[in-house]
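Observations on the three-dimensional arrangement
Chain by chain, the residues:
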Amino acid sequence: MVFALHPSPVADLNLVFEQIKIYSSVSAEALRAIAAEAHALGMTVTGHVPRGMDGYQAVAAGMDQINHARFVQLMMRAPGDSTPLTMDDPAATRAIAFLREHGTVIDPTIALFELNAHPIDQPVSAFEPGVDKVAPELRQALTHTGAEPARAAAAGTQYRALLAIVGALHRAGVPIVAGTDLAVPGHSLHRELELYVEAGFTP
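Report follows, based on the coordinates. Small disclaimer: the values here were computed from a predicted structure and weren't measured. Throughout, a residue's number is its position along its own chain's written sequence, starting from 1. Residue-level local features of this predicted model are given only where pLDDT is at least 70; pairs of side-chain atoms are given and counted only at 80 or more, and the full residue set underlies all totals for whole chains, interfaces and linings. Hydrogens and waters are ignored; side-chain quantities use all the structure's heavy atoms.

Turning next to empty space enclosed by the protein. In this analysis, the protein atoms alone were mapped onto a 1 Å grid. Cavities are point sets where a 1.4 Å probe fits without being able to get out; pockets are open sets with protein on both sides within 12 Å along at least five of seven lines; lining residues have an atom within 4 Å of a point. Grid points are joined across faces, edges and corners, and a volume is the space filled by probe spheres set on the points. As enumerated under the stated definition, the model contains one cavity of 30 Å³ or more in all. Put simply, the largest cavity is a space of about 40 Å³. Along the walls of the largest cavity sit Ala111, Glu114, Leu115, Phe127, Glu128, Ala183, Val184, Ser188 and Arg191, which together make up its complete lining. Secondary structure elements are defined from DSSP: runs of H or I of at least 4 residues count as helices, runs of E of at least 2 residues count as strands, and each element is numbered from the N terminus. Of all the elements in the fold, those that place two or more residues in the lining of the largest cavity are α5 (110-117) and α8 (188-199). A total of three residues in the lining of the largest cavity trace back to one element, the largest contributor, which is α5. Under the scheme applied here, ten amino acids are nonpolar (Ala, Val, Leu, Ile, Met, Phe, Trp, Tyr, Cys and Pro), four are charged (Asp, Glu, Lys and Arg), and all others, including Gly, are polar. Looking at the lining of the largest cavity residue by residue, the classes come out as five nonpolar, one polar and three charged.

Structure representation (structure tokens):
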């Protein structure tokens with residue numbers, strides 16, 4: 001699918017688009033072309049780090065923002081490295097410094113990771129009461145998320161590592177915006193902000 005960034009009939013409606021989102025399937029060449037055209041039109045570029053690239057390459061290719069803390073975590077370790085990650089690791093401090101120097105905005109979507117990593121036998125409503133207010137069809141899908149017992153401990157460790165990254169980014173002055181992705185519509189934005197406070201932001 002190709003999206004044209006050039007003016008179209010919708011321009012007559014005085015609609016102004018401020019940002020374009022990149023998904024993982026976009027090639028490096030396409031990312032560079034999209035970013036150049038978006039910037040020429042005064043737009044910013046956000047999204048996933050495309051497959052085959054890392055965060056450093058994506059930012060160098062023109063991304064102004066990265067969605068999901070997981071992509072930042074991947075900047076902090078070598079492929080296949082499963083040792084516990086701490087924020088004073090040289091690779092972590094290098095990644096944070098790079099993002100700060102480039103003014104890269106991070107949209108962590110940490111509420112989504114919490115939703116996926118919580119023990120599946122713990123009710124979602126225990127930490128996200130808004131789940132009880134959504135449509136029944138959606139509520140069933142959301143309340144059946146979480147980590148099975150065999151991987152709950154590992155999932156919890158992974159989630160806490162991502163929360164630590166959010167805190168470290170904030171302390172370093174990397175811009176953070178609050179997004180939620182496929183979490184609880186209309187409610188998880190508030191949970192996202194609560195989790196930022198857990199990570200060390202002031203209320």
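Still more ground to cover, so stick around.
Another point: the pairing of strand β1 (residues 19-22). A regular strand places its side chains so that they alternate between the two faces of the sheet. Working definition: with a 1.4 Å probe on protein chains only, accessible area under 20% of the residue-type maximum means buried, over 50% means exposed, and in between means partly exposed. Burial along β1 is one-sided: Ile20 and Ile22 are buried, and none of Gln19 and Lys21, which face the opposite way, are. With four bridges joining them, β1 and strand β2 (residues 44-47) adopt parallel strand pairing. Its bridge partner being in β2, Ile20 is matched across the sheet by Val45. By definition, two strands form a pair when at least two bridges between them are found by DSSP.

Phi at His68 takes a positive value of approximately 85 degrees, unusual for a residue other than glycine. Assignment of secondary structure puts His68 in the loop between β3 (65-67) and α3 (69-75). The residue Thr109 is not glycine, and still its phi comes out positive at about 50 degrees. Within the secondary structure, Thr109 is located in the loop between β4 (105-107) and α5. In this structure Thr109 comes out as buried when scored by relative accessible area, which is 1%.

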